[in-house]
Amino acid sequence: TTGHEHTETAARREALVQILRRDAVRRQADLVRLLERAGHAATQSSVSRDLRELGVAKRGDRYLLPDDPAPASAGFAAVAGFVRGIRTAGDCLTV
């Protein structure tokens, strides 16, 4: 890669980080569109490569930076409406 390409890649990745800090992004196609709107040339393959290099992970339905906390899990509240009863059996709990 040339110095110019390296500079463009670094600028695109910085913009990507800013977008992910600001918005809950669910699809790479959305990232491509947001990067292009911000003035950066991007394709799905370049975004995929950038996400991998930045250590971005998809958790649940959105992309998260490595230093972002995982979205709070709904835990038991997500299934509470399906519970018909609770019984203990020694140290075990049957729901």
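The text that follows walks through the structure, step by step, so that each part is easy to find. In this text, all values refer to a predicted model and were calculated from it rather than measured experimentally.

### Considering the environment of Arg13
Inference 1: Turning to its location among the elements, Arg13 is positioned in helix α1 (residues 3–22).
Inference 2: Along the chain, Arg13 and Leu54 lie 41 residues apart, while their C-alpha atoms are 7.9 Å from each other.
Inference 3: In this structure, Arg13 is in contact with Arg49, Asp50, Glu53 and Leu54, ignoring residues within four places of it in sequence.

### Focus on the packing of α1 against helix α2 (residues 28–37)
Inference 1: It is at 10 Å that the axes of α1 and α2 come closest, and there the two elements cross at 115°. In terms of orientation, α1 and α2 fall into the roughly perpendicular class. Two packed elements cross with a definite hand, and for α1 against α2 that hand is right-handed. Judged by residue contacts, Arg12, Ala15, Leu16, Ile19 and Leu20 of α1 engage Leu31, Leu34 and Leu35 from α2.
Inference 2: Each residue belonging to the contact of α1 with α2 can be placed in one class, and the counts come to 7 nonpolar, no polar and 1 charged.

### Concerning the side chain of Ser46
Inference 1: Summarising the element assignment, Ser46 is placed in helix α3 (residues 44–54).
Inference 2: By relative accessible area, Ser46 is classed as buried at 6%.
Inference 3: A polar contact of 2.8 Å, which involves the side chain of Ser46, links it to the backbone nitrogen of Thr43.

Analysis parameters
- Residues numbered from 1 in each chain as written.
- Predicted model: local features only at pLDDT ≥ 70, side-chain atom pairs only at ≥ 80, totals over all residues.
- Heavy atoms only, no water.
- Helix = DSSP H or I, 4+ residues; strand = E, 2+ residues; numbered from the N terminus.
- Contact = heavy atoms within 4.5 Å.
- Axes fitted to C-alpha atoms, helices over the stretch in contact; angles between N-to-C directions.
- Parallel < 35°, antiparallel > 145°, perpendicular 65-115°, else oblique.
- Left-handed = near helix turned anticlockwise from the far one by under 90°.
- Nonpolar A, V, L, I, M, F, W, Y, C, P; charged D, E, K, R; others polar.
- Buried < 20%, exposed > 50% of the residue type's maximum accessible area, 1.4 Å probe, protein only.
- Polar contact = N/O pair within 3.5 Å; in protein donor to acceptor, adjacent residues only side chain to side chain.

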